[in-house]
Amino acid sequence: MAQILGLHVVDEDRQTRSSPACSELEKELRRRSWYSAYNFDCLLALQLSRPRCIKLSDSAVNLPAPQDFSLFDYKNDTLLQMPPGPHPGYLFKETIRFSHIVGQVIDDLYAPQHTRTAHLGATAIELLDRKLINWRNELPRHLRFDLGHAFEKKSLFEQQRNVLALKFHHLRALVHRPHLCHEWLSKDSARIAGTTERVQLQIAASGRLCISAAQATARMLHNVSDKHSLIETFPWWQLVPYLVCACSVLLVAGKCVPPSSEGDQISKEQCEADATNCMRVLDALSVSSVPAKNAAVMLRALQSYEKLASAPSAVQAVDTQSLHKTQQQQRLSGQQ
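Parameters at a glance
Residues numbered from 1 in each chain as written. Predicted model: local features only at pLDDT ≥ 70, side-chain atom pairs only at ≥ 80, totals over all residues. Heavy atoms only, no water. UniProt positions renumbered as here; feature names shortened; annotations may be inferred. Helix = DSSP H or I, 4+ residues; strand = E, 2+ residues; numbered from the N terminus. Buried < 20%, exposed > 50% of the residue type's maximum accessible area, 1.4 Å probe, protein only. Phe/Tyr/Trp six-rings, centres within 6.5 Å; stacked < 30°, edge-to-face > 60°. Lys NZ or Arg CZ within 6 Å of the ring centre and 35° of its normal. Patch = residues over 30% accessible without salt bridge, like charges linked within 9 Å, V, L, I, M, F, W, Y side chains within 5 Å. Areas by Shrake-Rupley, 256 points an atom, 1.4 Å probe, with all protein chains shown as cover. Salt bridge = Lys/Arg side-chain N within 4 Å of Asp/Glu carboxyl O. Expected span 1.5 Å × (residues − 1). Contact = heavy atoms within 4.5 Å. pLDDT = per-residue confidence, 0-100. Polar contact = N/O pair within 3.5 Å; in protein donor to acceptor, adjacent residues only side chain to side chain. Axes fitted to C-alpha atoms, helices over the stretch in contact; angles between N-to-C directions. Parallel < 35°, antiparallel > 145°, perpendicular 65-115°, else oblique. Left-handed = near helix turned anticlockwise from the far one by under 90°. Nonpolar A, V, L, I, M, F, W, Y, C, P; charged D, E, K, R; others polar.

The protein chain has the name Xylanolytic transcriptional activator regulatory domain-containing protein in an unreviewed UniProt entry, where Septoria linicola is given as its organism. Reading the Subcellular location (unreviewed entry) entry of the UniProt record for the protein chain gives the comment "Nucleus".

Laid out in structure tokens, this is it:
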């Protein structure tokens, strides 16, 4: 629809296309509409595991200005000068930058493709993680969710930081999720055995980063006292997929994470406690949200799934016994 409306060619050279002229503010509104569609497309592609519909290489649209709508001067068809200091309008620009990384994650890790080696997979994940860290470090100071803001008085910036923090931890968990409990869950043990020690250590570290990112999501919501503060402080309309991702990672990690040393945050008990916190928030949202209620039911079913609690050797033993039993039945059928 956005392409049908011509939003993808707002800043194209008009000599190559016949279209009605737009005022400067109308161009700005079209840019914002186009990049809103782009952000939404990347978000849906990530959450629904489907290809993206919008490729920026097929468009000619400049980035929108950071001014919010209060600085639109419709009478003179121009944007007013921004006041010095932090401004709420920077959130949209940083969300667009984040969507660029989302697109790369989809293309490099979750798009249909040929099987890659463990070394190439670990290299791609490390590169994407570095881009994600750089994005966080390049945020404006008032949007840096990893830094303190003791004397800030605007709750709006706190809400914006929470939005970006949840996006960051969610995507980082998805970047490293291919290596979550990799040695235990992988069906291709021969491929693991054939990798170098360096790659194996890299894969193990990546799996722990996935768990840490899921824990960070859960712990952001640890001190939420009631549903009102949850809705006021966090993007409640996006919480369900974030919580489902974090909680599922923590539940799986709680079953296969190796014994940890004293003081290690990644332990079975910590993973289970953080997963419980995710489900507690989903329960609070379930009062007025059917998706949250369904998500809580699904995650509790995963939590009670006894098969995950079995040791890898036990699961392999069960699979071997089933295979022998099937082979015996086939031989008996052939004799008959």
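**Q** Help me understand the side chain of arginine 172 in this model?
**A** For arginine 172, the location among the structural elements is in helix H4 (residues 155-176). On the basis of relative accessibility, which here comes to 17%, the residue arginine 172 falls in the buried class.

**Q** Before we go on, may I ask you to explain the packing of aromatic side chains in this structure?
**A** We describe a pair of aromatic rings using the distance from one ring centre to the other and the angle between the two ring planes. All told, the structure shown has 7 aromatic pairs when counted by the stated rule. Judged by centre distance (5.4 Å) and plane angle (50°), the rings of phenylalanine 145 and phenylalanine 168 are tilted. Here phenylalanine 145 is found in the loop between helix H3 (118-137) and H4, whereas its partner phenylalanine 168 is found in helix H4, with 23 residues between them in sequence. The pair phenylalanine 145 / phenylalanine 168 is uniform in exposure class, with both members buried. It is arginine 32 that lies over the ring of phenylalanine 69; its NZ or CZ is 5.1 Å from the centre.

**Q** I would appreciate a short explanation of a nonpolar patch on the surface in the present structure.
**A** Residues Met1, Ile4 and Leu5 make up a contiguous nonpolar surface patch of roughly 410 Å² in combined accessible area. For leucine 5, a relative accessible area of 53% corresponds to the exposed category.

**Q** Help me understand the pattern of salt bridges in this model?
**A** Any two side chains of opposite charge can pair, on the condition that their charged atoms come close. All chains considered together, the criterion is met by 14 salt bridges. Its salt-bridge partner being glutamate 26, residue arginine 30 comes within 3.5 Å of it at the nearest N-O pair. Here the residue arginine 30 and the residue glutamate 26 both occupy positions in helix H1 (residues 24-48), the gap between them amounting to 4 residues, near one helical turn. Beyond isolated ion pairs, a larger network of salt bridges with shared partners links Asp11, Glu28, Arg31 and Arg32.

**Q** Would you mind showing me how to read helix H10 (residues 268-286) here?
**A** Since the α-helix packs 3.6 residues into each turn, any two residues three or four apart lie on the same face. Taking 1.5 Å of rise per residue, 19 residues should cover 27 Å, and H10 covers 27 Å from first to last C-alpha, within 8% of that figure. Considered for burial, the residues of H10 that qualify are Cys271, Asp274, Ala275, Asn277, Cys278, Met279, Val281, Leu282, Leu285 and Ser286. Looking at the buried residues of H10, the elements they touch are helix H7 (197-220), helix H8 (227-233), helix H9 (236-256) and helix H11 (290-303).

**Q** Explain the confidence of the model for the protein chain here, please?
**A** Detailed reading of the predicted coordinates is not advisable wherever pLDDT is low. On average, residues of the protein chain score 82 in pLDDT, and 80% of them reach the 70 mark or higher. This model gives residues 310-324 a pLDDT under 50, and the stretch forms 5 contacts once residues within four places in sequence are excluded. Note on residues 330-336: pLDDT under 50 across the span, and 0 contacts to partners over four residues away in sequence or across chains.

**Q** Can you walk me through the side chain of glutamine 215 in this structure?
**A** The topology assignment puts glutamine 215 in helix H7. Glutamine 215 gets classed as buried once you look at its relative accessible area, which sits at 4%. One polar contact links glutamine 215 to aspartate 274, side chain to side chain, over a distance of 3.3 Å.

**Q** What should I look at first to understand the packing of H10 against H11 in this one?
**A** Angle between the axes and distance between the axes: these two values describe a pair of packed helices. Where H10 meets H11, the axes come as close as 8 Å, and the angle between the chain directions of the two elements is 150°. With respect to their mutual orientation, H10 and H11 come out roughly antiparallel. The two elements H10 and H11 cross, and the hand of that crossing is left-handed. Facing Thr276, Met279, Leu282, Asp283, Leu285 and Ser286 of H10, the residues of H11 in contact are Ala292, Lys293, Ala295, Ala296, Leu299, Arg300 and Gln303. Among the residues forming the contact of H10 with H11, the class breakdown is 7 nonpolar, 3 polar and 3 charged.

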